[in-house]
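Now for the letters of each chain:
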Amino acid sequence: MQRKKYSAEFKAKIALEALKGLKTVNEIAGESGVHPTQIQQWKKQLLEGLPNIFSQKQDRIKKQDEELTAQLYQQIGQLKVELDWVKKADATPRLTKAQGNAHQAKAGILGG
């Protein structure tokens, strides 16, 4: 005789029904065609697995926050490099228009 295979959805439905306690395990077993011991095992698995549902969500949120933080730090670093470059470029001596014209006149670039 081959063992029956039940879907995860079916197991969850039966285990949740047993957890509610509105019917006895034997009543649920009779209606669903599943052995009472099997229902007790599914109910136990459900109870043991419930905390993980919430912790996985928290872990996922924490991971997303860490990824966002890393992206923001990377962006801050890039902006800092760009700002330093602009400051350095701004600090280089520039010729005023008059100085530039005089420099060009000395070089014979401007026609007088």
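This text follows the structure it describes.
The model shown is predicted, which means the values in this text are computed figures rather than measured ones.

Student: I tried to follow the overall build of the protein on my own but got confused; where do I start?
Tutor: Across its full length, the protein carries 4 helices and 0 strands. Order of helices (α) and strands (β) in the protein, N terminus to C terminus: α-α-α-α. Scored against the burial criterion, the 112 residues of the protein give a buried share of 9%. Put simply, of all contacts in the protein between residues at least 6 apart along the chain, 44% involve residues at least 24 apart. Carbon and sulfur atoms form 57% of the exposed surface of the protein, whose accessible area is close to 10,000 Å².

Student: How should I be thinking about the nonpolar core in this particular structure?
Tutor: Generally speaking, nonpolar side chains in soluble globular proteins are found buried as a group. Of all hydrophobic cores here, the largest spans 9 residues; its members are I14, A15, A18, V25, I28, A29, V34, I39 and W42. Of all the secondary-structure elements, those providing two or more residues to this core are α1 (8–20), α2 (25–32) and α3 (36–91). Residue contacts for V25: discarding those within four places in its chain leaves P36, I39 and Q40.

Student: Just to check I follow, could you spell out the layout of surface pockets for this structure?
Tutor: Space left empty within the atom packing is revealed by a probe, the size of a water molecule, rolled over the atoms. Estimated volume of the largest pocket: approximately 280 Å³. The wall of the largest pocket is formed by M1, Q2, R3, K4, K5, Y6, K11, G33, V34, H35, Q38 and W42. For the lining of the largest pocket, a count of residues per class yields 4 nonpolar, 4 polar and 4 charged.

Student: When you look at α3 in this model, what are you seeing that I'm missing?
Tutor: In an α-helix there are 3.6 residues to a turn, and that puts residues three or four apart on one side. Between the first and last C-alpha of α3 there are 82 Å, a value that for 56 residues agrees with the 82 Å anticipated at 1.5 Å per step. Taking the largest bend as the criterion, α3 deviates by roughly 35°, centred on G49, and proline P51 comes between one and four positions later.

Student: Looking at this structure, I do not really get the packing of α2 against α3. What am I missing?
Tutor: When two helices pack together, their arrangement is given by the angle between their axes and by how far apart the axes lie. Where α2 meets α3, the axes come as close as 9 Å, and the angle between the chain directions of the two elements is 110°. When the interaxial angle is binned, α2 and α3 end up roughly perpendicular. Helix-helix and strand crossings are classified by hand; for α2 and α3 the assignment is right-handed. Here V25, N26, I28, A29 and S32 of α2 come into contact with α3, specifically with P36, I39 and Q40. Residue composition of the contact of α2 with α3, grouped by class: 5 nonpolar, 3 polar and no charged.

Definitions and cut-offs
Residues numbered from 1 in each chain as written. Predicted model: local features only at pLDDT ≥ 70, side-chain atom pairs only at ≥ 80, totals over all residues. Heavy atoms only, no water. Helix = DSSP H or I, 4+ residues; strand = E, 2+ residues; numbered from the N terminus. Buried < 20%, exposed > 50% of the residue type's maximum accessible area, 1.4 Å probe, protein only. Contact = heavy atoms within 4.5 Å. Areas by Shrake-Rupley, 256 points an atom, 1.4 Å probe, with all protein chains shown as cover. Core = buried A, V, L, I, M, F, W, Y, C linked by side-chain atoms within 4.5 Å. 1 Å grid on protein atoms, 1.4 Å probe; cavity = no way out; pocket = protein on both sides within 12 Å on 5 of 7 lines; lining within 4 Å. Points joined across faces, edges and corners; volume = space filled by probe spheres on them. Nonpolar A, V, L, I, M, F, W, Y, C, P; charged D, E, K, R; others polar. Expected span 1.5 Å × (residues − 1). Bend = angle between axes of the 7 residues up to and from the residue. Axes fitted to C-alpha atoms, helices over the stretch in contact; angles between N-to-C directions. Parallel < 35°, antiparallel > 145°, perpendicular 65-115°, else oblique. Left-handed = near helix turned anticlockwise from the far one by under 90°.

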